[in-house]
Amino acid sequence: MKLHEYQSKRIFAKYGVPIPEGEVATTPAEAREIAHQIGGSVVVKSQVLVGGRGKAGGVKVAKDADEAEQLAKQILGMDIKGLTVEKVLIDPTADIRDEIYIGVVIDRAQQKPVIIASAEGGVEIEIVAKENPDAIKRVAVDPVFGLMNFQATNLAYDLGLKGHYVGQFTKIIKGLYQAFMDTDASLAEINPLVVTGDEQLLAVDGKIVLDDNALYKHPDLAEMRDIQEESPSEREARLAGLNFIKLDGEIGCMVNGAGLAMATMDIVQHFGGSPANFLDIGGGANAEKVAKALRIILQDPNVKSILFNIFGGITRCDEVAKGILEALKQVPTDVPMVARLVGTNEEEGQKILAEANFPSATSLSDAAQQAVALAKGA
Amino acid sequence: MGILVGKNTRLVVQGITGREGAFHTQQMIEYGTNVVAGVTPGKGGEWVHGVPVFDTVKEAVTATEANTSIIYVPARFSADAIMEAADAGIELVVCITEGVPVLDMARAMAYLANKDVRLIGPNCPGLITPGEAKVGITPGHIHLPGNVGLVSRSGTLTYEVVQALTDKGIGQSTAVGIGGDPIIGTKFIDTLKLFESDPLTDQVVLIGEIGGTDEQVAAQFIADHMSKPVTAFIAGRTAPPGKRMGHAGAIIQGGEGTADEKIRALEAVGVKVAELPTQVADIVASQM
């Protein structure tokens, strides 16, 4: 789950990271009032959970409260990569002399949190990684001992900081690391951390991505979820305990198991089709869950055929077959379908489908080819 | 024969009184696994499918000499259960549970670093040495004893490949599901190393997916240390970047972890990569 910039920065501030003293507005009048309070020039920043806000025209500088109101009017309601802007953050502009990148992620190879830093801030770290990998510094942190003081100061010197900036940076990086650990984040990032004209470090932009599996520990953070982060069908699926991701293709897929679901999408493409979704119904799904999943797939108007691929281990094929027929009673449809059910209780499952004249296949390749042919109207 | 589990396995089931724990205990016993104990705090003294239940892993080990543990406890207690098993002297811990917080695992791995224990998982289907022992949730009947070792990040996709092998009469030495999370106890190279030195494994199948770089690391290991042929399948060629494909670890991030780069790395060191899961069996057959 992603947090907005303003939410992330407020969390960082609790850990001693200096941030601009801004406020969030949902109307142009509020934006005006906030800008007036701040006094002087402000930056009006759209709060949407997607990168590239600036390029899309969602971040603009206003010289005074009048202009802030005008810009807020433009930006609120704007569509940025399919997301509607509902909030803007009004921050005082910063006098930027230099920009630094700092972030914390999990290093899968070392199985530890790792701090990533670069003196080339203000651009996406992936771009720096590609074009100038030597500019990126990495510090692995033992999660038991935490970030040591010497690691923090060494990193400051590695980034070319000197004098009073070293102490400031040490405090900020320790705060960022602690925020990462305490929120069970999978990413905590400040980009850029700027050096201002009055020689201070300031976190101008920030981002936190939380580990969904740890949200139960943080009900306060879980409440911050922006429903725009997911499509309505993805949200419905999550609440039903299904793993669903909408894609752009025409063949709906319902599979048990994440690896098999991915492989099923690949096989659909191998035979010339394109998958409309990733959908893992998980282990041990019952008829009701299958029915819910089918309704979610059918909400996508692009779906021209549906492929069921079930390899029953914990999941029982007869339950899945019952679920398919149950869903079709509730949501009648003309979309053609083919099912391939093998594994636990496969004979019972296949019998239930055969009695209902539901098309089935025994091999995955066969099923995928049928689904592709059905989508093409063959 | 095989690796990690077999006739010498003495299994303790952590979370044996839960729905999943009880069901799979029965399945494992029916397959012939030597299940010697169960653990659920507060349920010590009870019996599940003829297996005595203890309050702590330490008590279970003392009373039954269990050497292997399987964990079915809920995600929020899993990291603790792993550490408890390691502390009680268990040699092999298999964590089936899905949804364990990543930072819980980072701390647990730091705890295990100083102990003589191997962890498999979390978020894995477990492992099976056909004809000897099943420590996990894999359907036993699709397996056939033989000489092909399997290692995989996925569950049902592995069943698909195993079924294709068994249909051709090709048996398996051990099939190991290492799990789909970002932090896991045993990685591809650890398992490849065991298969390379197992006299009853003749060739190996590696089933990977998008996310991370473990397949690339495995490719380098295969080039440097493996004499046995390796066949691979990588899931997720059609997966879009930035989206988590079910498994917590299956995500293409910052341009890293795509199926194509993994396939290229494996092919570059002579590993045959199948286009379809069933083709794995054809390639294995051609190398026998």
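Details of the structure are given in the entry above.
Residues numbered from 1 in each chain as written. Chains lettered and ligands numbered in written order. Predicted model: local features only at pLDDT ≥ 70, side-chain atom pairs only at ≥ 80, totals over all residues. Heavy atoms only, no water.

## Side note on the packing of aromatic side chains
All told, the structure shown has two aromatic pairs over all chains when counted by the stated rule. Relative to Phe358(A), the ring of Phe308(A) lies with its centre 6.1 Å away and its plane at 65°, an arrangement referred to as edge-to-face. Taken together, the residues span a long stretch of sequence, with Phe308(A) in strand β17 (residues 305–312) and Phe358(A) in the loop between α12 (346–355) and α13 (364–375) at a distance of 50 residues. Seen from their ring centres, Phe311(A) and Tyr159(B) are 6.0 Å apart, and the 65° between their planes marks the pair as edge-to-face. With Phe311(A) in strand β17 and Tyr159(B) in helix α5 (residues 156–167), this pair bridges two chains. The pair formed by Phe311(A) and Tyr159(B) is uniform in burial state, with each residue classed as buried. (Phe/Tyr/Trp six-rings, centres within 6.5 Å; stacked < 30°, edge-to-face > 60°. Helix = DSSP H or I, 4+ residues; strand = E, 2+ residues; numbered from the N terminus. Buried < 20%, exposed > 50% of the residue type's maximum accessible area, 1.4 Å probe, protein only.)

## Quick notes on empty space enclosed by the protein
Residue and element names in this part refer to chain B. Evaluated as defined, the whole model comprises three cavities of 30 Å³ or more. In this structure, the largest cavity occupies an estimated 70 Å³ of space. If you trace the largest cavity, you find it lined by Pro-125, Gly-126, Leu-127, Ile-128, Thr-138, His-143, Thr-158, Tyr-159, Val-162, Ala-175, Val-176 and Gly-177. Looking at the lining of the largest cavity, the elements that each hand over two or more residues are β8 (126–129), α5 and β11 (172–177). Across the lining of the largest cavity, the residue classes break down as seven nonpolar, five polar and no charged. (1 Å grid on protein atoms, 1.4 Å probe; cavity = no way out; pocket = protein on both sides within 12 Å on 5 of 7 lines; lining within 4 Å. Points joined across faces, edges and corners; volume = space filled by probe spheres on them. Nonpolar A, V, L, I, M, F, W, Y, C, P; charged D, E, K, R; others polar.)

## Some words on the sheet that holds strand β3 (residues 47–48) of chain B
Within a beta sheet, neighbouring strands are joined by backbone hydrogen bonds and run either parallel or antiparallel to one another. All names here are of chain B. Read from one edge of the open sheet, seven strands run β3-β4-β2-β1-β5-β6-β7, paired in mixed fashion. The two strands at the open ends of the sheet, each matched to only one other strand, are β3 and β7 (118–120). As paired elements, strand β1 (residues 11–14) and strand β5 (residues 68–71) share four bridges and run parallel to each other. Along β5, the bridge assignment pairs Val-13 with Ile-70. (Pairing = 2+ DSSP bridges.)

## Here's the deal with the interface of chain B and chain A
Interface size is commonly expressed as the accessible surface area that is lost when the partners come together. Counting residues at the interface gives 52 residues for chain B and 45 residues for chain A. Interface area lost by chain B to chain A is led by Leu103(B), Glu160(B) and Thr238(B), which between them contribute 17%. The interface formed by chain B and chain A includes three salt bridges. Glu160(B) is the partner of Arg340(A) in a salt bridge, and the nearest nitrogen-oxygen pair spans 2.6 Å. Counting across the interface, chain B meets chain A through twelve residue pairs in polar contact (both at pLDDT 80 or more). Elements supplying a minimum of two residues to the side of chain B that touches chain A: α1 (19–31), α4 (102–112), α5 and β13 (230–235) of chain B. Element by element, the count of residues in the side of chain B that touches chain A is highest for α4(B), at seven residues. (Contact = heavy atoms within 4.5 Å. Buried area = accessible area lost by both parts, 1.4 Å probe. Salt bridge = Lys/Arg side-chain N within 4 Å of Asp/Glu carboxyl O. Polar contact = N/O pair within 3.5 Å; in protein donor to acceptor, adjacent residues only side chain to side chain.)

## Regarding the environment of Lys115(B)
You can see Lys115(B) is positioned in the loop between α4 and β7. If we skip the residues at most four places from it in the chain, Lys115(B) touches Ala86(B) and Asp87(B).

## Section: the pattern of salt bridges
In the structure shown here, the tally under the stated rule is 28 salt bridges over all chains. Put simply, Lys217(A) and Asp184(A) hold a salt bridge, and the shortest N to O gap is 3.4 Å. With a gap of 33 residues between them, Lys217(A) in the loop between β13 (206–210) and α7 (219–222) and Asp184(A) in the loop between α6 (164–182) and β11 (185–196) connect regions that are remote in the sequence. For Lys217(A), a relative accessible area of 31% corresponds to the partly exposed category. In this structure, Asp87(B) and Lys115(B) form a salt bridge, with 3.5 Å as the shortest nitrogen-oxygen distance. Taken together, the positions of Asp87(B) in helix α3 (residues 75–87) and Lys115(B) in the loop between α4 and β7 put the pair 28 residues apart, joining distant regions of the chain. Of the residues examined, Asp87(B) reaches a relative accessible area of 37% and is grouped as partly exposed. Exposure remark for Lys115(B): the relative accessible area of 30% places this residue in the partly exposed category. Beyond isolated ion pairs, a larger network of salt bridges with shared partners links Glu5(A), Lys9(A), Lys45(A), Arg53(A), Asp91(A) and Asp205(A).

Shape descriptors only; they carry no functional weight alone.
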